[in-house]
Amino acid sequence: MTSAISPAGTLRIGVMQFPGSNCDADCIDSLQRHFGIKAIALWHQEKSLPKLDGIVIPGGFSFGDYLRSGALAAHAPIMNEIKMFADRGGSILGICNGFQILVESQILPGVLLRNLSRTFICRDVNLIDDKKRKLKMPIAHGEGRYWIDEVGLSRLEQSGLIAFRYVDEAGGFSANGNPNGSVANIAGVFSESKKVLGLMPHPERATDVLMGGSADGLVILKEFLERM
Amino acid sequence: MDYEVLVQLKAEVLDPEGRAIQETLKSQGFGEVKAVTVAKRYVVTVDDGSKNPAAIVEAVASRYLANPVAETFSIKRLDA
């Protein structure tokens, strides 16, 4: 894959780093390698953001996942700036632990709980996105069971804010295709503005078929950049 | 001053850990145990000179120790 699919070569993206983040370098590499944009690391203790077009909150185990996954990172100094960035309509992508941080900081609705199986799950999953496209990407988490109450769920459904749902090989919403017991098979959700996306699967780990998986993650990264 | 904060999932949220314990108990001959609920217990020690320790613990529990989306909490003074 080359930067030929880049929507814009001049974008500046910040990739968050908390103690315990471990997908930050992969996110920076995949954005720079495939889209030719400038991606810089942002340390969690910063109290102001540089001029940015978008922010990625990557996966990992921020602050050791103590208290709850993402709960301590949600109160880091930088998060006030990230909330203001979201309020201004900034494009944010939260992946795995980044999604957990976004729900813990209530930038996105719902919560991510211990997997139904009580085990850490690391494998490829099948997904359907809000445009009915079928994608394959890896997940790697112990707390990825999305939950929201019935009122919240119907709001997500009616507003078209369910970004990704887990499906089985046949494309159905069976329990078999739902790796962690998420309500309504939800794997990712948008904010009401659709500028903030959180998802448990790892698009940055599915950007090059030479790595042995799919390159479907490029679609998600490309559309993240297009929301700027 | 010590306060105990108990945090647990709301009744409508499935607790897979509690369910696994209950199922194991059932297989061990404790079929009359209908449910096990897992909770996290925090002990929060507030400075003795604090003017409003209960309010501090309430704020800590509601903003940090529990996630109001899926969890409830209760507070008990331990050394009263």
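Residues numbered from 1 in each chain as written. Chains lettered and ligands numbered in written order. Predicted model: local features only at pLDDT ≥ 70, side-chain atom pairs only at ≥ 80, totals over all residues. Heavy atoms only, no water.

**Topic: the overall build of chain B**
Part 1: When helices and strands are tallied, chain B shows two helices and three strands.
Part 2: Put simply, chain B runs from its N terminus to its C terminus through helices and strands in the order β-α-β-α-β.
Part 3: Its C-alpha atoms give chain B a radius of gyration of 16 Å, more than 25% over the compact-globule value 12 Å for 80 residues.
Part 4: With respect to the three principal axes, the spread of C-alpha positions in chain B is 50 × 25 × 15 Å.
Part 5: Looking at chain B residue by residue over its 80 residues, the buried ones come to 30%.
Part 6: Look at the contacts in chain B between residues 6 or more apart in sequence, and 70% of them connect residues 24 or more apart.
Part 7: Surface summary for chain B: the accessible area is close to 5,100 Å², and the carbon and sulfur share equals 52%. (Helix = DSSP H or I, 4+ residues; strand = E, 2+ residues; numbered from the N terminus. Rg over C-alpha atoms; globule rule 2.2 N^0.38 Å. Buried < 20%, exposed > 50% of the residue type's maximum accessible area, 1.4 Å probe, protein only. Contact = heavy atoms within 4.5 Å. Areas by Shrake-Rupley, 256 points an atom, 1.4 Å probe, with all protein chains shown as cover.)

**Let's talk about the confidence of the model for chain A**
Part 1: Residues of chain A with pLDDT of at least 70 account for 96%, and the chain-wide mean is 94.
Part 2: Segment residues 1-6 of chain A: pLDDT under 50, and ten contacts once partners within four positions in sequence are set aside and those in other chains are kept. (pLDDT = per-residue confidence, 0-100.)

**Considerations on the pattern of salt bridges**
Residues and elements named next belong to chain A.
Part 1: Tallying each qualifying case throughout the model produces twelve salt bridges over all chains.
Part 2: A salt bridge links R133 to E223; its shortest N-O distance comes to 2.9 Å. Of the two residues, R133 sits in the loop between β6 (121-129) and β7 (134-141) while E223 sits in helix α5 (residues 217-226), which places them 90 residues apart along the sequence.
Part 3: With relative accessibility at 18%, the residue E223 sits in the buried group.
Part 4: The salt bridge partner of K136 is E169, with a shortest N-O separation of 3.6 Å. Note that K136 is positioned in strand β7 and E169 in the loop between β9 (162-167) and β10 (186-190), a separation of 33 residues in sequence. (Salt bridge = Lys/Arg side-chain N within 4 Å of Asp/Glu carboxyl O.)

**Things to note about the pairing of strand β11 (residues 196-199) of chain A**
Along a regular strand, successive side chains alternate from one face of the sheet to the other.
All names here are of chain A.
Part 1: Every second residue of β11 is oriented toward a common face, with V196 and G198 on one face and L197 and L199 on the other, all of them buried.
Part 2: With four bridges connecting them, strand β4 (residues 91-95) and β11 associate as parallel partners. Bridge pairing links L93 to L197 in β11.
Part 3: Two strands pair when backbone bridges link them, and β10 and β11 are joined in this way by three bridges, in the antiparallel orientation. Considered in β11, the bridge of G188 is made with L199.
Part 4: Where β10 hands over to β11, the hairpin turn is made up of five residues, of which K194 adopts a positive phi near 65°. (Pairing = 2+ DSSP bridges.)

**Quick look at the sheet that holds strand β2 (residues 38-43) of chain A**
All names here are of chain A.
Part 1: Sheet architecture is open: nine strands sit in the order β2-β1-β3-β4-β11-β10-β9-β6-β7, paired in mixed fashion. The open sheet is flanked by β2 and β7, the only strands paired with a single partner. Going from strand to strand, the sheet's axes swing by 25° on average, the running direction of each strand aside.
Part 2: Sheet topology places β6 next to β7; eight bridges connect them, and they run antiparallel. Note on β7: the bridge partner recorded for N126 is K136. (Axes fitted to C-alpha atoms, helices over the stretch in contact; angles between N-to-C directions.)

**Some points on the interface of chain B and chain A**
Part 1: Taken together, the 19 residues of chain B in the interface contact 14 residues of chain A.
Part 2: Across the chain B/chain A interface, buried area totals approximately 1,400 Å², and carbon plus sulfur atoms make up 59% of it.
Part 3: Per-residue buried area on chain B facing chain A is highest for B:P16, B:Y64 and B:V69; these three make up 35% of the total on that side.
Part 4: The partner of A:R68 in a salt bridge is B:E71, with the nearest N and O atoms 3.6 Å apart.
Part 5: Between chain B and chain A we count six residue pairs in polar contact (both at pLDDT 80 or more) in total.
Part 6: Every element with two or more residues in the side of chain B that touches chain A is listed here: α1 (16-27), β2 (39-45) and α2 (53-65) of chain B.
Part 7: Take the side of chain B that touches chain A: its biggest share by element is four residues, from α1(B).
Part 8: A class-by-class count of the residues in the side of chain B that touches chain A yields twelve nonpolar, one polar and six charged. (Buried area = accessible area lost by both parts, 1.4 Å probe. Polar contact = N/O pair within 3.5 Å; in protein donor to acceptor, adjacent residues only side chain to side chain. Nonpolar A, V, L, I, M, F, W, Y, C, P; charged D, E, K, R; others polar.)

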